[in-house]
Each structure stands twice: as structure tokens, then as C-alpha cells.
Amino acid sequence: DVEADFIVSGKTGKGVILNVSDRKSRTPFLEKITNTTLDNVSLAFLKIKKRFPEIKTITTDNDLLLQHHKDLEKLLDVTIYFCHPFSSWEKGTVENINRQIRKDIPKSSDISKYSKQFIRKIENKLQRKIYACLDHLTPLEVLAMSRKRKQRRSAVKKLQK
């Protein structure tokens, strides 16, 4: 369903960016977390779930910020899966998008110095990027088509009742 990962500040910086990316449409959703606490991580996931309510499962690595993943599963009403240790290729979509984000936010950066508006601009840019693997569509176009299909199926089911 989705893959999640954190982009971490350099050694002297603080803050992280939560990247939650839909595997099917490649649509990334980003949230900046300046004060990195478990509660703020949960809040960031909730904000993304509000914008992308289709989330059913999350695949991530075994990050310390997800040590209370059972609570997060209940809060979001999702199932969380973990990759094998040192197997980042098991969540290739989010890793690819992280590489693209790093073009605008280099590895040694202090994420707390970037505005939420700047993070949102990066998100918008990535959501509007054309992908050959999406038949030369953007992630937003694929997501919109998927949502329309679900609405039509739902309408047909209601008519059949």
C-alpha cells in the first residue's frame, strides 16, 4: 500500500521529514517534524492519513521512532510491516523518492531550517513529475484516476443494493 521512511538532519541539525509514498501511484506525502518525539511522529502520520485516507498498510524499516508501532497501527487503523534489516530495496519506492528529495535538501542539511512551505513545494514537484513507469502520467493523475474508479465502483454497488 504505502512505504514510509524518515529523512534525517545532518549531525549538527535537528528534525526529520516523514516521507509516506503510495506504491501504486508513486504519490509522496511529506511532513516536517522539527521536535522529533513519538507523539509528533504519530501526529505527522495522522496528517498524512487525512490527506491520503486510502492507507491500509505501511512498510517501513525498523526505525527507533516506530518503537510503538502497535499504538500507531491502532491510531491509524492500518497494519505496519517491517523490512528485513539492511534491506532497503524492500521499500524501493520511498527510497527512490528520498533520493529525489535529497536533490533539494542535501544530506548534511539541518531540516529544521527548511520551512513547511518549502517541504510542501518539494512534495508538489514530486507529485507532478512524469514517470515512464506510470505510462507517462504524474503520480497525482494516477491517484486521481484510482479515486474516480473507486467512486464509480462504490456508486455501482449502491445501485445494485
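Everything below is about the structure printed above this text.
For clarity, every value in this text was computed on a predicted model and none was experimentally measured.

J.: How should empty space enclosed by the protein be read in this particular structure?
T.: To find the voids left in a structure, one rolls a probe of water-molecule size over its atoms. With the rule as written, the count across this model stands at 1 cavity of 30 Å³ or more. In this structure, the largest cavity spans a volume of roughly 30 Å³. In terms of lining residues, the largest cavity is bounded by Leu-30, Glu-31, Lys-32, Lys-116, Ile-119 and Arg-120. Those elements that provide at least two residues to the lining of the largest cavity are strand S3 (28–33) and helix H4 (116–127). Here the lining of the largest cavity is composed, by residue class, of 2 nonpolar, no polar and 4 charged.

J.: Explain the sheet that holds strand S4 (residues 57–60) here, please?
T.: Paired through their backbone hydrogen bonds, the strands of a sheet run either parallel or antiparallel. Across the sheet, 5 strands lie side by side as S3-S2-S1-S4-S5; this open sheet has mixed pairing. On the outer flanks of this sheet lie S3 and strand S5 (79–82), each paired with one strand and no other. Between one strand axis and the next, the sheet turns through 25 degrees on average, direction left out of account. Sheet topology note: the strand S1 (residues 2–8)/strand S2 (residues 16–22) ladder contains 7 bridges and is antiparallel. For Ile-7, the partnering residue across the bridge sits in S2 and is Ile-17. Packing against the sheet, H4 makes contact with S2 and S3, and its axis sits at approximately 165 degrees to S3.

J.: Looking at this model, I keep getting lost on the packing of aromatic side chains. Mind explaining?
T.: Two numbers describe a pair of aromatic rings. These are the distance of the centres and the angle of the planes. Under the defined criterion, the tally for this structure stands at 2 aromatic pairs. Summarising the aromatic geometry, the rings of Phe-29 and Phe-52 are spaced 5.0 Å apart at their centres and angled 25 degrees between planes, so their arrangement reads as stacked. A residue pair is termed long-range when its members are at least 10 positions apart, and Phe-29 in strand S3 and Phe-52 in the loop between helix H1 (38–51) and S4 qualify at 23 residues. By relative accessible area, which is 2% here, Phe-52 ends up buried. Note on Tyr-114 and Phe-118: the rings are 5.3 Å apart at their centroids and 20 degrees apart in plane angle, and the pair reads as stacked. A relative accessible area of 19% places Tyr-114 in the buried class. Classification of Phe-118 as partly exposed rests on a relative accessible area of 29%. Directly above the aromatic system of Tyr-131 lies the positively charged group of Lys-129, at a separation of 5.4 Å from the ring centroid.

J.: Whenever I open this one, the side chain of Thr-138 confuses me. Can you help?
T.: Relative to the helices and strands, Thr-138 resides in the loop between H4 and helix H5 (139–160). Residue Thr-138 is classed as buried on the basis of its relative accessible area, which comes to 9%. Residues contacting Thr-138, with those up to four places away along its chain left out, are Gln-127, Arg-128, Lys-129 and Ile-130.

J.: Sorry, what's going on with the pattern of salt bridges here?
T.: As a working rule, side chains carrying opposite charge can pair if their charged atoms are close by. In the structure shown here, the tally under the stated rule is 12 salt bridges. Here Lys-91 makes a salt bridge to Asp-61, at a shortest N to O gap of 3.6 Å. Separated by 30 residues along the polypeptide, Lys-91 in the loop between S5 and helix H3 (92–101) and Asp-61 in the loop between S4 and helix H2 (69–76) bring together distant segments of the chain. Judged by its relative accessible area of 25%, Asp-61 falls in the partly exposed class. With a closest N to O distance of 2.4 Å, Glu-95 and Lys-91 form a salt bridge.

The rules behind each value
- Residues numbered from 1 in each chain as written.
- Predicted model: local features only at pLDDT ≥ 70, side-chain atom pairs only at ≥ 80, totals over all residues.
- Heavy atoms only, no water.
- 1 Å grid on protein atoms, 1.4 Å probe; cavity = no way out; pocket = protein on both sides within 12 Å on 5 of 7 lines; lining within 4 Å.
- Points joined across faces, edges and corners; volume = space filled by probe spheres on them.
- Helix = DSSP H or I, 4+ residues; strand = E, 2+ residues; numbered from the N terminus.
- Nonpolar A, V, L, I, M, F, W, Y, C, P; charged D, E, K, R; others polar.
- Pairing = 2+ DSSP bridges.
- Axes fitted to C-alpha atoms, helices over the stretch in contact; angles between N-to-C directions.
- Contact = heavy atoms within 4.5 Å.
- Phe/Tyr/Trp six-rings, centres within 6.5 Å; stacked < 30°, edge-to-face > 60°.
- Buried < 20%, exposed > 50% of the residue type's maximum accessible area, 1.4 Å probe, protein only.
- Lys NZ or Arg CZ within 6 Å of the ring centre and 35° of its normal.
- Salt bridge = Lys/Arg side-chain N within 4 Å of Asp/Glu carboxyl O.

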